[in-house]
Amino acid sequence: MGFDVGFVPYNPDGWGPPDASAAPASLGGGSVSVPFAPFSRSDKLGRIADWTRNPPGPGAFAAARDTVFDFAGLEDSVGLASADDASFRLVDGKPPPRHPRFGPRWRFQQRPQLPQRRDEEVEARRREAEKERARRDRHWQQNRRTHHQFNRGGPSSSSAKSSVDIQPEWSVKEQIPFSSFSKLSFAVADQPEDLLVCGAVEFYDRAFDRVTPRAERRLERFKSRNFFKVTTTDDPVIRRLAENDTATVFATDTILAALMCAPRSVQSWDIVIQRVGNKLFFDKRDGSQLDLLTVNETAQETLPEAKEDINSAHSLAVEATYVNQNFSQQVLLRNGEKVTFDEPNPFATEGEEAASVAYRYRRWKLDDETSLVARCEVHAVNTDPRGERQFLTINALNEFDPKVTGVDWRKKLETQRGAVLATELKNNANKLARWTAQALLAGADMMKLGYVSRLHPRDHYNHSILSVIGYKPRDFAAQINLNTANMWGIVKSIVDVCMKLGEGKYVLVKDPVKPQVRLYEVPNDAFENDYVEEPLPEEEQVRPFSEDVDATAQEMDAAAEAEATGTTAGADGDAGKSVEATAA
């Protein structure tokens, strides 16, 4: 039996079926059974037959009924169609669909759905987004560990201030990010050559190797010994070597160590560079930050901003420098025996007692046309078991408040010495790296690190030595991940940049916020202001208060008694002691 197509009317006047009046009573012998479903032009047309649809809940069944075949209201189809045409609008005014709120209530109301196939491209983009998010998180964590104090302190914090006032007339010649420093590497061609050794040093006292927190030693004060921080161009020996064309680049070990360890620095510093003919001189300004030792520079906790606070960054830097100088002289044998060298101390005058230090003027060959001469310091000598003399560098780490660092040296130095050193490497990474670089430059056979702590957290004037530990510079450099090839690569790159500049004066400034350095061209008379502020009259000077509560109370009582009796001599003497303590 074949398929009966049925009767198809013919419309000679146009497209579509003929008028209803001319339509036959039946199609194919039956009644009119083709429905007409009215719909609006804004309605979405569904599929005629979708066998993949599986409504997940009761709400979906209601939506399933809204198909193109809706037989409700068939008799009013013509009227509804005209009403739909009248209600048609070009802009859809329906409210946007409400998104579910993800919370505890939604979590228990959600219903399971059939698993859907994920597009491979969407999945790949999701994986790439997760990788990028993880990379940003690692980068943020690294910046937070290294430069978090800038973000916390803001532009007004002391740690975020530039070490030198940038003048508007200065022009930027170079801007070098620290990320480019990490890729540099340069191997010095030959071993350095000792051109001259000046000064005199004493022998190290090995009894300090047996100092423990239980048998601590009080830190002494050496007021009669003078410590010299002379810059490069003020050194008479370097002037003499420059006149003889001994080298083309001149610097000191302090300046070179600052350049070599620049990527580890956080606080701002600056170095003055002078190009004279074919020679370069790396100098530091008077009162430069390089003369002071930083404390907790790379720590996570920021230090107070007020300078009058004994635990502020500036106060701790002054205290650390004072402790380091006295410690370097106390651990020596003061029996009058000294080791003298080619020339005496070039900075001490006749009759002046200089600290135990020897200056080694050493020369490195950077390339066929460039050589570098640096003044390096050693603080003591020692005799090894074979009877040979060894050069030593001596430095001290200082503890100011165990609650800040989280490690109490008096409790941990004997049992957990490695944990104490690890904490110091985290909080003072730049300072320890500079000391190691200076020991390597000076050719020291051993570097001694002392652990010096306050007698009381609120007493910044009295300290005690808790322990002294010795390290070989190269072994300690490997332990703190200090690469000598990278250190010399940084110096070589900066020398090459400066050699391309014209004659004049420049200043290299570490940015106070960003990990980068900028090279400015400055006038020749910059940093040479000889203006000295005249001190106030003695009766107008304000005496600083001592941090020791008992001492302060005694000073106040003495001042009150002196004022009552009309004598001020005793009060003036106490004020002098207080000023001396604060300056120290």
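Bear in mind the structure is a predicted one, so any value in this text is a computation, not a measurement.

> It is not clear to me how empty space enclosed by the protein should be interpreted in this structure. Could you clarify?
Rolled over the atoms, a probe as big as a water molecule pinpoints where empty space is left. Inspection of the entire model under this criterion finds six cavities of 30 Å³ or more. Roughly 640 Å³ of volume is contained in the largest cavity. Residue lining of the largest cavity: 38 residues in total, with K229, T254, N324, E377 and Q438 positioned closest to the centre. Sorting the residues of the lining of the largest cavity by element identifies α7 (253-260), α8 (313-330), β8 (357-365), β9 (371-378), β11 (389-399) and α12 (429-442) as the ones contributing at least two each. With six residues, α12 is the single largest residue contributor to the lining of the largest cavity. Of the residues that constitute the lining of the largest cavity, the class distribution is 13 nonpolar, 17 polar and eight charged.

> Would you mind showing me how to read the confidence of the model for the chain here?
One rule of thumb: low pLDDT means the predicted coordinates there are not for detailed reading. On average, residues of the chain carry a pLDDT of 78, and 69% of them reach 70 or more. Here residues 102-117 is a poorly scored stretch, pLDDT under 50, and it has four contacts once near neighbours within four places are set aside; other chains count. Predicted confidence is poor over residues 563-584, with pLDDT under 50, and the contacts of this stretch with residues over four places away or in other chains come to 20 contacts.

> Sorry if this is basic, but what is going on with the packing of α7 against α12 here?
Between two packed helices, what matters for the description is the angle formed by their axes and the separation of those axes. Across the interface, α7 lies against α12 with an axial gap of 9 Å and an inter-helix angle of 125°. Comparing the axis directions of α7 and α12 gives the class oblique. The two elements α7 and α12 meet at a crossing, and its hand is right-handed. Of the residues in α12, those touching α7 at D253, T254, L256, A257, A258 and M260 are R434, A437, Q438 and L441. Per-class residue counts for the contact of α7 with α12 are six nonpolar, two polar and two charged.

> Is there a simple way to think about the nonpolar core in this case?
Across soluble globular proteins, you tend to see nonpolar side chains buried next to one another. Formed by 74 residues in total, the largest nonpolar core has its most connected members in I271, I273, F282 and Y451. Ignoring sequence-local partners within four residues, the contact set of I271 consists of I255, A258, L259, F282, D283, L290, Y506, V507 and L508. Among the nonpolar cores identified, the runner-up in size contains 18 residues, and F208, V331, L332 and A380 belong to it.

> Is there a simple way to think about the pairing of strand β2 (residues 193-203) in this case?
For a regular strand, side chains alternate in direction, first toward one face of the sheet and then toward the other. Bridge count between β2 and β8: seven bridges; the pairing is antiparallel. Directly across from G199, in β8, lies its bridge partner A358. Both β2 and strand β7 (residues 338-340) contribute to a ladder of three bridges, which runs antiparallel. Opposite V201, over in β7, you have V339 as the bridge partner.

> I'm lost on the pattern of salt bridges in this one. Help?
Side-chain pairs of opposite charge can arise whenever the charged atoms involved come near each other. Tallied over the entire structure, the rule returns 21 salt bridges. The salt bridge involving R360 is made with D194; its shortest N-O contact spans 2.4 Å. Within this pair, whereas R360 is found in strand β8, its partner D194 is found in strand β2, the two being separated by 166 residues in sequence. Using a relative accessible area of 7% as the deciding quantity, one classes R360 as buried. A relative accessible area of 37% places D194 in the partly exposed class. Linking D209 and K448 is a salt bridge whose minimum nitrogen-to-oxygen distance equals 3.3 Å. Of the two residues, D209 sits in the loop between β2 and β3 (217-218) while K448 sits in strand β12 (residues 446-456), which places them 239 residues apart along the sequence.

> What am I meant to see in helix α6 (residues 236-243) here?
Given 3.6 residues per helical turn, the α-helix brings residues three or four places apart onto the same face. Within α6 the residues assigned to the buried category are V237, I238, L241 and A242. Buried residues of α6 fall within an arc of 135° about the axis and therefore sit on the same side. For α6, the secondary structure elements touched by its buried residues are β2, β4 (249-252), β6 (279-283), β8 and β9. One side-chain oxygen of the residue at the start of α6 lies 2.9 Å from the amide nitrogen of V237, identifying that residue as D235. In the segment just after α6, D245 is the residue with positive phi, at about 55°.

> Before we go on, may I ask you to explain the side chain of R285 in this structure?
Counting through the fold element by element, R285 comes out in the loop between β6 and α8. Judged by relative accessible area, R285 falls into the buried class, the value being 16%. With residues near it in sequence (within four places) discarded, R285 still touches S163, V164, D270, V272, D291 and F527.

> Where do I start with the side chain of N345 in this structure?
Of note, N345 is situated in the loop between β7 and β8. Given the relative accessible area of 12%, N345 is considered buried. Side-chain polar atoms of N345 contact the backbone nitrogen of F347, separated by 2.9 Å. Setting aside residues no more than four positions away along its own chain, N345 makes contact with G199, F228, A354, V357 and Y359.

> Quick question: what am I supposed to make of unusual backbone geometry here?
It is generally the case that most residues other than glycine have a negative phi and that most peptide bonds are trans. In this structure, N296 takes a positive phi of about 55° despite not being glycine. Residue placement: N296 occurs in the loop between β6 and α8. N296 sits in the buried class, given a relative accessible area of 8%. Even without a glycine there, the phi angle at N481 is positive, about 60°. Note that N481 resides in the loop between α13 (473-479) and α14 (484-499).

> I would appreciate a short explanation of a nonpolar patch on the surface in the present structure.
A cluster of nonpolar side chains, namely F3, V5 and V8, defines an oily patch on the protein surface of about 400 Å² accessible area. Counting through the fold element by element, V5 comes out in the segment before α1 (58-64). Judged by its relative accessible area of 65%, V5 is exposed.

Each value, and the rule that gives it
Per-chain numbering applies: the sequence of each chain, read as written, is numbered from 1 onward. Only residues with pLDDT of at least 70 get local features here, since the model is predicted, and only at 80 or more are side-chain atom pairs given and counted; chain-wide, interface and lining totals rely on the full set of residues. Neither water nor hydrogens contribute to the side-chain values; these are computed over all heavy atoms in the structure. Points on a 1 Å grid over protein atoms alone make up a cavity when a 1.4 Å probe fits among them but cannot get out, and a pocket when they form an open set with protein on both sides within 12 Å along at least five of seven lines; lining residues each have an atom within 4 Å of a point. Grid points are joined across faces, edges and corners, and a volume is the space filled by probe spheres set on the points. Secondary structure elements follow DSSP: runs of H or I no shorter than four residues count as helices, runs of E no shorter than two count as strands, and numbering proceeds from the N terminus. The classification used treats Ala, Val, Leu, Ile, Met, Phe, Trp, Tyr, Cys and Pro as nonpolar, Asp, Glu, Lys and Arg as charged, and all other residues, Gly among them, as polar. The quantity known as pLDDT measures the predictor's confidence residue by residue, on a range of 0 to 100. The criterion used for residue contact is that any of the two residues' heavy atoms lie within 4.5 Å. Only the stretch in contact is used when a helix axis is fitted, and all axes are lines through C-alpha atoms; the angle between N-to-C directions ranges over 0 to 180 degrees. What sets the label is the angle itself: under 35 degrees gives roughly parallel, over 145 gives roughly antiparallel, 65 to 115 gives roughly perpendicular, and the rest give oblique. Note on convention: near helix rotated counterclockwise from far helix by under a right angle means a left-handed crossing. Clockwise means right-handed. In this description, a nonpolar core means a group of buried Ala, Val, Leu, Ile, Met, Phe, Trp, Tyr and Cys residues linked to one another through side-chain atoms lying within 4.5 Å. For every residue, the accessible area obtained with a 1.4 Å probe (protein chains only) is divided by the maximum for its type, and the residue is called buried under 20%, exposed over 50%, and partly exposed between those limits. Any two strands with at least two DSSP-identified bridges between them are counted as paired. Salt bridges are defined as contacts in which a side-chain nitrogen from Lys or Arg sits within 4 Å of a carboxyl oxygen from Asp or Glu. The arc in question is the one spanned by the directions pointing from the helix axis to the C-beta atoms. Residues adjacent in sequence count toward polar contacts only when both atoms are side-chain atoms; beyond that, a polar contact is any pair of N or O atoms within 3.5 Å, and within protein one must be able to donate a hydrogen and the other to accept it. Here the term patch refers to residues with relative accessible area over 30% and no salt bridge, with like charges joined within 9 Å and nonpolar side chains (Val, Leu, Ile, Met, Phe, Trp, Tyr) within 5 Å. Working definition of accessibility: Shrake-Rupley area with a 1.4 Å probe, residue cover restricted to the visible protein chains.

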